[in-house]
Amino acid sequence: MTQTASEPTFSRQRNENPKSSAEREAILANPGFGDYFTDHTAVVDFKVDANGEGGWSNARIEPYGPIAMDPAAAVLHYGQEIFEGMKAYRHADGSVWTFRAEANAARLNASARRLALPELPPEVFLESLRELVAADQEWIPTGDGEALYLRPFMIATEAFLGVRPAREVSYRVIASPAGNYFGGELKPVSIWLTTTYARAGEGGTGEAKCGGNYAASLAAQMEAEAQGCKQVLFLDPFNDNAIEELGGMNIFFVFKDGRLVTPALNGHILHGITRSSVMQLAADRGLQVQERKITIDEWRDGVAAGEITEAFACGTAAVITPIGELKMADGVIASPGEGIGEVTAAIREQLLGIQTGVVEDLHGWLTRLV
Ligand SMILES: *Cc1c(COP(=O)(O)O)cnc(C)c1O
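Residues numbered from 1 in each chain as written. Predicted model: local features only at pLDDT ≥ 70, side-chain atom pairs only at ≥ 80, totals over all residues. Heavy atoms only, no water.

### Observations concerning the site of the ligand
No. 1: What surrounds the ligand is a group of 15 residues, the closest being Lys 209, Tyr 214, Glu 245, Thr 274 and Thr 316.
No. 2: Ile 273 places a polar main-chain atom, nitrogen or oxygen, 2.7 Å from an oxygen atom of the ligand.
No. 3: Alone, the ligand offers 380 Å² of accessible surface; in the complex the protein occludes 97% of this.
No. 4: For the ligand, the cavity whose grid points lie within 2 Å of the majority of its atoms is the largest pocket. (Near = heavy atom within 4 Å. Polar contact = N/O pair within 3.5 Å; in protein donor to acceptor, adjacent residues only side chain to side chain. Areas by Shrake-Rupley, 256 points an atom, 1.4 Å probe, with all protein chains shown as cover. 1 Å grid on protein atoms, 1.4 Å probe; cavity = no way out; pocket = protein on both sides within 12 Å on 5 of 7 lines; lining within 4 Å. Sits in = over half its atoms within 2 Å of the grid points.)

### What about helix H4 (residues 122–135)?
No. 1: Between its terminal C-alpha atoms H4 stretches 20 Å, which fits the 20 Å expected from 14 residues at 1.5 Å a residue.
No. 2: Among the residues of H4, Val 124, Phe 125, Glu 127, Ser 128, Leu 129, Glu 131, Leu 132 and Val 133 are the ones counted as buried. (Helix = DSSP H or I, 4+ residues; strand = E, 2+ residues; numbered from the N terminus. Expected span 1.5 Å × (residues − 1). Buried < 20%, exposed > 50% of the residue type's maximum accessible area, 1.4 Å probe, protein only.)

### Quick notes on the side chain of Glu 146
No. 1: Here Glu 146 is to be found in the loop between H4 and strand S8 (147–156).
No. 2: Of the side chains with opposite charge, Arg 348 comes closest to the buried, unpaired Glu 146, at an N-O distance of 9.8 Å.
No. 3: Look past the residues within four positions of Glu 146 in its chain and what remains in contact with it is Leu 28, Pro 31, Pro 141, Ala 178 and Gly 179. (Lys, Arg positive; Asp, Glu negative; His and termini not counted. Salt bridge = Lys/Arg side-chain N within 4 Å of Asp/Glu carboxyl O. Contact = heavy atoms within 4.5 Å.)

### Things to note about the UniProt feature "modified residue: N6-(pyridoxal phosphate)lysine" (unreviewed entry) in the chain
No. 1: When the UniProt feature table is mapped to this numbering, "modified residue: N6-(pyridoxal phosphate)lysine" (unreviewed entry) covers Lys 209.
No. 2: Along the chain, Lys 209 falls in the loop between strand S10 (189–193) and helix H5 (211–226).
No. 3: What Lys 209 contacts, discounting residues up to four positions off in sequence, is Ile 82, Phe 83, Glu 84, Gly 85, Arg 107, Ser 111, Tyr 214 and Leu 270. (UniProt positions renumbered as here; feature names shortened; annotations may be inferred.)

### Points about empty space enclosed by the protein
No. 1: Summed over the entire model, instances satisfying the criterion amount to one cavity of 30 Å³ or more.
No. 2: As a volume, the largest cavity reaches approximately 150 Å³.
No. 3: Lining the largest cavity are 18 residues, with Tyr 89, Phe 99, Thr 274, Thr 316 and Gln 355 sitting closest to its centre.
No. 4: Elements that contribute at least two residues to the lining of the largest cavity include exactly strand S6 (86–90), helix H3 (101–114), helix H6 (273–284) and helix H8 (342–356).
No. 5: Classifying every residue of the lining of the largest cavity by side-chain character gives eight nonpolar, seven polar and three charged.
No. 6: Both domains that meet at the lining of the largest cavity, namely domain 1 (2–178) and domain 2 (189–355), each give it at least three residues. (Points joined across faces, edges and corners; volume = space filled by probe spheres on them. Nonpolar A, V, L, I, M, F, W, Y, C, P; charged D, E, K, R; others polar. Domains from an automatic or database assignment.)

### Digging into the packing of H3 against H4
Working note: a packed helix pair is described by the angle between its axes plus the distance between those axes.
No. 1: Two numbers describe how H3 lies on H4: the axes approach to 9 Å, and their chain directions differ by 120°. When the interaxial angle is binned, H3 and H4 end up oblique. Regarding H3 and H4, the two cross each other, and that crossing is right-handed. Residue-level inspection shows Ala 101, Asn 104, Ala 105, Leu 108 and Asn 109 of H3 in contact with H4, the latter providing Pro 122, Phe 125 and Leu 126. (Axes fitted to C-alpha atoms, helices over the stretch in contact; angles between N-to-C directions. Parallel < 35°, antiparallel > 145°, perpendicular 65-115°, else oblique. Left-handed = near helix turned anticlockwise from the far one by under 90°.)

### Describing the layout of surface pockets
Leftover empty space is mapped by rolling, across the atoms, a probe with the size of a water molecule.
No. 1: If you add up the space inside the largest pocket, you get close to 530 Å³.
No. 2: When residues of the lining of the largest pocket are traced back to their parent elements, those giving at least two are S8, H5, strand S11 (231–236), H6 and strand S16 (308–315).
No. 3: The biggest single contributor to the lining of the largest pocket is H5, with four residues.
No. 4: Looking at the lining of the largest pocket residue by residue, the classes come out as 14 nonpolar, 11 polar and five charged.
No. 5: When we break the lining of the largest pocket down by domain, the ones giving at least three residues each are domain 1 (2–178) and domain 2 (189–355).

### Observations concerning the environment of Gly 247
No. 1: Within the secondary structure, Gly 247 is located in the loop between strand S12 (242–246) and strand S13 (250–255).
No. 2: Separated by 32 residues in sequence, Gly 247 and Ala 215 have C-alpha atoms that sit 9.9 Å apart.
No. 3: Gly 247 has contacts with Arg 199, Tyr 214, Gln 231, Val 232 and Phe 234, leaving out every residue within four places of it along the chain.

### Some remarks on the nonpolar core
Nonpolar side chains tend to gather and get buried jointly when the protein is soluble and globular.
No. 1: Counting 41 residues, the largest nonpolar core has Leu 150, Met 154 and Tyr 171 as the members making the most contacts within it.
No. 2: Contributing elements (two or more residues each) for this core: strand S3 (40–48), strand S4 (54–63), S6, H3, H4, S8 and strand S9 (168–178).
No. 3: With five residues, the top contributor of residues to this core is H4.
No. 4: Among all residues touching Met 154, those that are not within four sequence positions of it are Trp 56, Gln 80, Glu 81, Ile 82, Leu 108, Leu 117, Pro 118, Leu 120, Val 169, Ser 170 and Tyr 171.
No. 5: With 25 residues, the next largest nonpolar core counts Leu 233, Ile 243, Ile 296 and Ile 333 among its residues. (Core = buried A, V, L, I, M, F, W, Y, C linked by side-chain atoms within 4.5 Å.)

### Thoughts on the pattern of salt bridges
No. 1: Tallied over the entire structure, the rule returns 19 salt bridges.
No. 2: Note that Asp 144 and Arg 348 form a salt bridge whose closest N and O atoms lie 3.8 Å from each other. Of this pair, Asp 144 sits in the loop between H4 and S8 while Arg 348 sits in helix H8, and the two are 204 residues apart along the sequence.
No. 3: Where Glu 158 meets Arg 164, a salt bridge forms, and the shortest distance between an N and an O atom there is 2.9 Å.
No. 4: Salt bridges linked by common partners bring Arg 24, Glu 25 and Glu 138 together as one network.

### As for the packing of H6 against H8
No. 1: Following both chains from N to C, one finds H6 and H8 inclined at 110°, their axes separated by 10 Å at the closest point. Between H6 and H8, the angle is such that the two are roughly perpendicular. For the pair H6 and H8, the crossing hand works out as right-handed. Residues Thr 274, Ser 277, Val 278, Leu 281 and Ala 282 of H6 form the contact with H8, whose participating residues are Ile 347, Gln 350, Leu 351 and Ile 354.
No. 2: Classifying every residue of the contact of H6 with H8 by side-chain character gives six nonpolar, three polar and no charged.

Rendered as structure tokens:
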């Protein structure tokens, strides 16, 4: 699909009916995750014209609110949708920054190619974040592990029921003040190992950040909750039940000798930006990082022998969260340690420190938004 770049100039329509400052302060005091939204949204439209030329236009900031859509809109029937997840952090001097935004822009476009959606020029992506955060910057919480979660997404809005890539698409960004993804204090989460379901397969959409992957993970997540667990772990049933990832987070193991091991990308694991940042920060600390196949048997034996001393999940939403016990149909693998492990805590603190401006950003990962 050919397309012309839009000028990344956003028109601005203010919300005349924003939440009151008292309501906002109450939300910021206890943001939770994903329950509250700011006063504005960013929108850019895409359309293919009669000559088959696609282009982005009408970039704008408008009041947050419901989307009017034709009931035949393709996204509602065939799930042609992708998204991103990132955060805006308020630094002590009042400036606002985001983390590795160019990686999110590139990943959005990789997802777009897989879901046959149009690519968005990275400068429009970045400008959409700048504009939205500038409009809603009073919504950024600043407690430990807190930030303004940004959710860019793209949906097929063309009204038709034939099966083909939509010629009308909408790109949007919403923002939500975010605290601990799992609620309350940071503590190890219990994981359920599903052998009923897989989240992705060879040639599928596992590497794309699309809503369909999440819809496909929910039955497994319900299994997990029925077992009293917080998250579900997926395996690759075609590769000796190698560990892949959680529903929306990548996974790491810390070995007694200081090695970090994470499952190698196999074409159906999501390329987490937190994952790649953790790998870099671990290497900076002189720790050996291995991307390789790791199985449940290695996990079980490693914990039993005291070789695996920590495990953690990571992603923009969850930051770095320690993993406790792993439950499965035929037993349980005990938590590798108590509370949050030493290496997990150190990397988490360093990552959050860079993001919030209290640790030097040696890799040039931050982009100023406001
Ligand atoms: C978004 C996501 C992650 C984490 O990616 P980050 O870039 O670190 O936020 C991991 N797994 C899945 C399935 C995801 O959708």
